[in-house]
Amino acid sequence: AYLRSAGVEHIMLAGLTSGALLAAAALPRLEGIAGVVLWDPELAGSRFIRRQKSIHRMTVGTDDDDVAGVVPLLSLVLHDDAARWLGQARVQADSVAEAKVPTLVVPHRADEASAQLVRFRAAAPEAFDVHFVDGQENLLDVASSIAEIPAETIAHIVDWVHERTPRDSSPVNPPVRLNARVATTPAGVPIIERLGRFGPQRILTIETTLDGTTEADGRG
């Protein structure tokens with residue numbers, strides 16, 4: 001909706017690992033999607049959560065493992081409700097196919113013989129483009145400071161999208177909001193985030209405050 005309000009008419013979805021679960025879940029509810037890319041898709045949310053929890057415990061092992069109401073993963077902490085939804089989510093080839101949009105699946109070659117991927121490919125229509133890639137572990141399973149960007153994989157995805165994108169250009173004018181309510185405290189106080197610029201280089205900043213307060217109040 002935001003992209004369309006900005007004037008973008010040709011929209012595709014792309015989901016990386018667990019993002020593929022989100023893309024597949026959203027696809028049936030969206031109209032006018034021009035295509036979908038499932039990159040190294042996690043076909044079962046339960047597997048994703050088990051794997052991320054294991055890596056988190058081995059590499060971080062912080063005290064938040066015992067915090068009630070949350071599920072700590074490698075790079076984020078999920079609310080129990082979100083973890084429960086994700087644990088039940090699946091990427092089903094037939095439900096993706098029902099959207100009748102161009103679909104690119106980019107699995108990790110190490111998963112080529114996995115039972116889940118074999119079943120997915122068996123149920124997938126021939127129209128699905130499947131392109132296996134190597135090196136995903138160097139992107140996702142290491143610290144961000146030493147992660148390797150898979151340039152060849154990204155180039156393949158970009159080329160695939162480009163081939164299915166109209167050549168005609170149109171003006172885009174994204175509406176920009178400088179502040180937004182993003183959450184609410186248990187006491188019911190809105191939490192506000194504001195965009196700003198700082199210093200001579202005009203570095204982008206995001207200030208998080210309670211509604212009606214500023215950082216100067218000591219509560220920002």
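As a reminder, the structure under discussion sits directly above these lines.
Residues numbered from 1 in each chain as written. Predicted model: local features only at pLDDT ≥ 70, side-chain atom pairs only at ≥ 80, totals over all residues. Heavy atoms only, no water.

J.: Can you walk me through the sheet that holds strand S6 (residues 129–130) in this structure?
T.: Strand pairing in a sheet relies on backbone hydrogen bonds, with the paired strands running either antiparallel or parallel. Taken in spatial order, the four strands of this open sheet run S1-S2-S5-S6, and their pairing is parallel. The sheet terminates laterally at strand S1 (11–16) and S6, the two strands that pair on one side only. Here four bridges tie strand S2 (residues 33–39) to strand S5 (residues 103–106), and the two strands are oriented parallel to one another. Looking at S5, one finds that Leu38 is bridged to Val105. Of the strands in this sheet, S1 and S2 are in contact with helix H2 (residues 18–26), which crosses S1 at around 145 degrees. (Pairing = 2+ DSSP bridges. Helix = DSSP H or I, 4+ residues; strand = E, 2+ residues; numbered from the N terminus. Contact = heavy atoms within 4.5 Å. Axes fitted to C-alpha atoms, helices over the stretch in contact; angles between N-to-C directions.)

J.: Sorry if this is basic, but what is going on with unusual backbone geometry here?
T.: Across the chain, the bulk of peptide bonds are trans and the bulk of non-glycine residues have phi less than zero. With a phi angle near 55 degrees, Lys100 is a residue other than glycine that sits in the positive phi range. The topology assignment puts Lys100 in the loop between helix H5 (93–97) and S5.

J.: It is not clear to me how the nonpolar core should be interpreted in this structure. Could you clarify?
T.: Buried together is how nonpolar side chains tend to be arranged in soluble globular proteins. One finds Leu27, Val36, Leu38, Val91, Val96 and Phe120 to be the most contacted residues of the largest nonpolar core, which totals 29 residues. Contributions of two or more residues to this core are made by S1, H2, S2, helix H3 (45–59), helix H4 (80–88), H5 and helix H6 (115–123). In terms of residue count, the dominant contributor to this core is H2 (four residues). Counting 10 residues, the second-largest nonpolar core is a separate cluster that includes Met12, Val133, Ile157 and Trp160. (Core = buried A, V, L, I, M, F, W, Y, C linked by side-chain atoms within 4.5 Å. Buried < 20%, exposed > 50% of the residue type's maximum accessible area, 1.4 Å probe, protein only.)

J.: Explain the pairing of strand S9 (residues 203–210) here, please?
T.: It is a general feature of regular strands that their side chains alternate between the two faces of the sheet. Sheet topology places strand S8 (residues 190–198) next to S9; eight bridges connect them, and they run antiparallel. Looking at S9, one finds that Leu195 is bridged to Ile206. Following S8, the chain reverses through four residues before pairing antiparallel with S9; Gly199 in that reversal takes a positive phi of roughly 75 degrees.

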